[in-house]
Amino acid sequence: LWVAGFVSNIGIWMQTVGAQWQLVADDSSSVVVALVQTASAAPVLLLALPSGVLGEFLNRRTVMLVTQVVQLGASVALVALSAGGDLPASTLLAVTCVLGAASAVQMPAAQSVISDIVPRAQVADAASLSSISVNVARAGGPAVAGLTIAQFGITAVFIVNAASFVIYLGALIAWRNYRAPQTPAEPFLHAMREGVRFVFRSSLVRSLYIRLAIFLVPANALWALLPVFAQRTLGLGADGYGVLLGVLGVGTIVGA
């Protein structure tokens, strides 16, 4: 599961680079290019809380299977539209939003399932290993995407992303011995309120949220506008933009 998730993370980062560079290549405005980040992140903001409840009370493997099928379908549609030369900005952003929504629903289940797999004493180490997977993919995926676009075109990046979903889906299908933990039933809205109440009452969690907000809100301007800056100010191609994103990923690893 970790290996399959790592491959999928690489594919997701490659798809992000491909989507942004598609808009840059079409001479879209800076606002439209920045909307790729919005389309990816807004579903997480809107769906994280209800998705957490689903990940707590539903079969986590089933949630992950369903969301992988949705993401695979969206990525295959993206490949078909890109290969056919019929991929306007509105369609690209809509598909990106679907991918972001499926990822938002899957995320709590995928993170929580760690505690179902490993002994309690190893949960912290397993969670760290999962975080490493995300950051290493962030370092390598964009650079690989840039080189792939430069050599084979943007459609090739979308194909790689679709293939990564196939690998993750195959790992989930092969994982037949999963036994969902028995969690007492709880009303959906009540569970959401309990989650919000916990955040507000926990000084540690509150401080984490405040620090994240102070840092992430301005920092995401860099992620959103970097492709425009790379092409129009630095005069870089897709490979150069991929290297810029890769350097950001290396920085996150060194920082950690």
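Reading the values: the criteria
- Residues numbered from 1 in each chain as written.
- Predicted model: local features only at pLDDT ≥ 70, side-chain atom pairs only at ≥ 80, totals over all residues.
- Heavy atoms only, no water.
- Helix = DSSP H or I, 4+ residues; strand = E, 2+ residues; numbered from the N terminus.
- Contact = heavy atoms within 4.5 Å.
- Polar contact = N/O pair within 3.5 Å; in protein donor to acceptor, adjacent residues only side chain to side chain.
- Salt bridge = Lys/Arg side-chain N within 4 Å of Asp/Glu carboxyl O.
- Buried < 20%, exposed > 50% of the residue type's maximum accessible area, 1.4 Å probe, protein only.

## Some remarks on the environment of Ser115
- Checked against the element boundaries, Ser115 lands in helix α5 (residues 114-117).
- Ignoring anything within four residues of it in the chain, the contact list for Ser115 reads Arg60 and Val123.
- One polar contact links the side chain of Ser115 to the main-chain carbonyl oxygen of Ser112, over a distance of 2.7 Å.

## Topic: the pattern of salt bridges
- The tally for this structure, following the rule as stated, stands at three salt bridges.
- Among the ionic pairs, Arg60 bridges to Glu56, the shortest N-O distance being 3.7 Å.
- Salt-bridge contacts for Asp116 lead to Arg60; the nearest nitrogen and oxygen are separated by 2.8 Å. One end of the pair, Asp116, is in helix α5; the other, Arg60, is in helix α3 (residues 60-83), with 56 residues separating them in the sequence.
- Given the relative accessible area of 28%, Asp116 is considered partly exposed.

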